[in-house]
Amino acid sequence: MKILVPIKRVIDPYAKVKPLADGTGLDLGNVKFDINPFDEIAVEEAVRQKEKNSEIQIIAVSIGGAEVEEQLRKALAMGADEAIHVETTDQLDPSIVAKELQAVTEEIQPDIILMGKQATDNDNNQTGQILAARLGWPQATFASHVELGDKSATVTRETDTGEETILLPYPCLITTDLRLNEPRFIPLPGIIKARSKPLHKRERQTTDTPRVAVLDYVAPAGRSGGKKVGSVDELITELKAKGVVS
Ligand code: AMP
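Overview of the structure. (Residues numbered from 1 in each chain as written. Predicted model: local features only at pLDDT ≥ 70, side-chain atom pairs only at ≥ 80, totals over all residues. Heavy atoms only, no water.)

Quick look at the packing of aromatic side chains now. By the definition in use, this model includes zero aromatic pairs. Over the face of the ring belonging to Phe33 we find Arg9, whose NZ or CZ atom lies 4.2 Å from the ring centre. (Phe/Tyr/Trp six-rings, centres within 6.5 Å; stacked < 30°, edge-to-face > 60°. Lys NZ or Arg CZ within 6 Å of the ring centre and 35° of its normal.)

What follows concerns the environment of Val244. One can find Val244 in the segment after helix 6 (232–241). Residue class for Val244 comes out exposed when judged on its relative accessible area of 58%. Residues Val244 and Leu215, spaced 29 residues apart in sequence, show a C-alpha to C-alpha distance of 32 Å. (Helix = DSSP H or I, 4+ residues; strand = E, 2+ residues; numbered from the N terminus. Buried < 20%, exposed > 50% of the residue type's maximum accessible area, 1.4 Å probe, protein only.)

Moving on, we come to the nonpolar core. Counting residues in each nonpolar core, the largest one holds 35 residues, and the members touching the most others are Val5, Val155 and Ile174. Secondary-structure elements contributing two or more residues to this core are strand 1 (2–6), helix 1 (37–52), strand 6 (57–64), helix 2 (69–78), strand 8 (112–116), strand 9 (139–148), strand 10 (152–159) and strand 12 (172–176). When neighbours within four sequence positions are excluded, Val155 is seen to be in contact with Ala140, Ala143, His145, Val146, Glu164, Thr165, Ile166, Leu168 and Ile174. Membership of the second largest hydrophobic core comes to 18 residues, among which are Ile84, Leu101, Met115 and Leu173. (Core = buried A, V, L, I, M, F, W, Y, C linked by side-chain atoms within 4.5 Å. Contact = heavy atoms within 4.5 Å.)

Glancing now at the site of the ligand. Taken together, 19 residues lie near the ligand, and Asp39, Ala119, Asn125, Gln126 and Thr127 sit nearest. Backbone polar atom of Ile63 to a nitrogen atom of the ligand: 2.9 Å apart, as the coordinates give it. If you map the ligand onto the pockets, it falls in the largest pocket. No other element matches strand 6, which puts three residues into the shell around the ligand. Of the residues that constitute the shell around the ligand, the class distribution is eight nonpolar, nine polar and two charged. (Near = heavy atom within 4 Å. Polar contact = N/O pair within 3.5 Å; in protein donor to acceptor, adjacent residues only side chain to side chain. 1 Å grid on protein atoms, 1.4 Å probe; cavity = no way out; pocket = protein on both sides within 12 Å on 5 of 7 lines; lining within 4 Å. Sits in = over half its atoms within 2 Å of the grid points. Nonpolar A, V, L, I, M, F, W, Y, C, P; charged D, E, K, R; others polar.)

Geometrically, the link from Tyr170 to Pro171 is a cis peptide bond, its omega value of -5 degrees lying close to zero. The residue Pro171 is located in the loop between strand 11 (162–169) and strand 12 in this model. In this structure, Asp123 takes a positive phi of about 50 degrees despite not being glycine. One can find Asp123 in the loop between strand 8 and helix 4 (127–135). Located in the positive-phi region is Asn125, a residue other than glycine, with phi close to 55 degrees. Counting through the fold element by element, Asn125 comes out in the loop between strand 8 and helix 4.

Assignment of secondary structure puts Glu106 in helix 3 (residues 94–108). Placed 29 residues apart in sequence, Glu106 and Leu135 show a C-alpha to C-alpha distance of 8.7 Å.

With that out of the way, let us pick up the pattern of salt bridges. The final tally for this structure, using the stated rule, is 19 salt bridges. Two residues, Asp12 and Lys32, come together in a salt bridge whose shortest N-O distance is 3.8 Å. Placement of Asp12 in the loop between strand 2 (9–11) and strand 3 (18–19) and of Lys32 in the loop between strand 4 (26–27) and strand 5 (33–35) is noted, with a sequence separation of 20 residues between them. On the accessibility criterion, Asp12 (15% relative accessible area) is buried. A salt bridge links Lys227 to Glu238; the shortest N-O distance between them is 2.6 Å. Placement of Lys227 in the loop between strand 13 (199–203) and helix 6 and of Glu238 in helix 6 is noted, with a sequence separation of eleven residues between them. Exposure remark for Glu238: the relative accessible area of 24% places this residue in the partly exposed category. (Salt bridge = Lys/Arg side-chain N within 4 Å of Asp/Glu carboxyl O.)

Here we come to the layout of surface pockets. Volume-wise, the largest pocket comes out at about 1700 Å³. Lining of the largest pocket is provided by 50 residues; of these, Lys8, Arg9, Leu92, Asp121 and Asn122 occupy positions nearest its centre. Counting only elements with at least two residues in the lining of the largest pocket, the list comes to strand 2, strand 6, helix 3 and strand 8. Asp12, Pro13, Tyr14, Lys32, Asp34, Ile35, Pro37, Glu40 and Pro183 are the residues that line the second largest pocket. Sorting the residues of the lining of the second largest pocket by element identifies strand 5 and helix 1 as the ones contributing at least two each. (Points joined across faces, edges and corners; volume = space filled by probe spheres on them.)

Structure follows, in structure tokens:
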């Protein structure tokens, strides 16, 4: 059984980023990058499944510039068997990423695609859904529990009204939610072993350009200081003075 795990290199979600003064981009001078946290959960889940079934082969894939190899090596250190780097410095959007991942999927024919529900840098939450639709595969988004059987996966997913458990015949696509697992700490031998695991490079297979353009980056307005009031009456007077209530 093959599990394909697409991973995206993103700005460390705990990093403080600022827009460039002219608003054309972000100041990435001293910013750390990591695997998108939801993708790290996907790699962890694939590795846990492999620990239960050694027949599973895990292939991590990332689309981007030379720098994404750092995140692919981390996925290999976590336990992925091999990695694919789709080399490009082009601007990407979910529709392009989904098309590229479709090309990889058609070539390596995985039984399962296990990927993040969203990338924390742009919060699109679109790529998995577009990819599943393009492939015509059943999908389970926001997975909080995954059981892999011989012919199908049983996935519990989080919805606004509670948990839903669904059965998906292979091949299928699953996107991960935060509660699925907690990714492991990578021990040193894993990092060393990852250096000799195969990392294949390939070119982009599609030529589409993004249909969405970012016009401007602006930092959110800073918060003004709060004020403590001594009573409900004082609170109402303050709110009226601000025009929040009449
Ligand atoms: P998004 O739809 O942009 O929120 O991303 C959802 C998921 O798509 C991510 O969690 C990744 O699994 C995958 N993805 C997005 N961009 C890339 C990329 N450049 N390379 C590989 N996978 C990606």
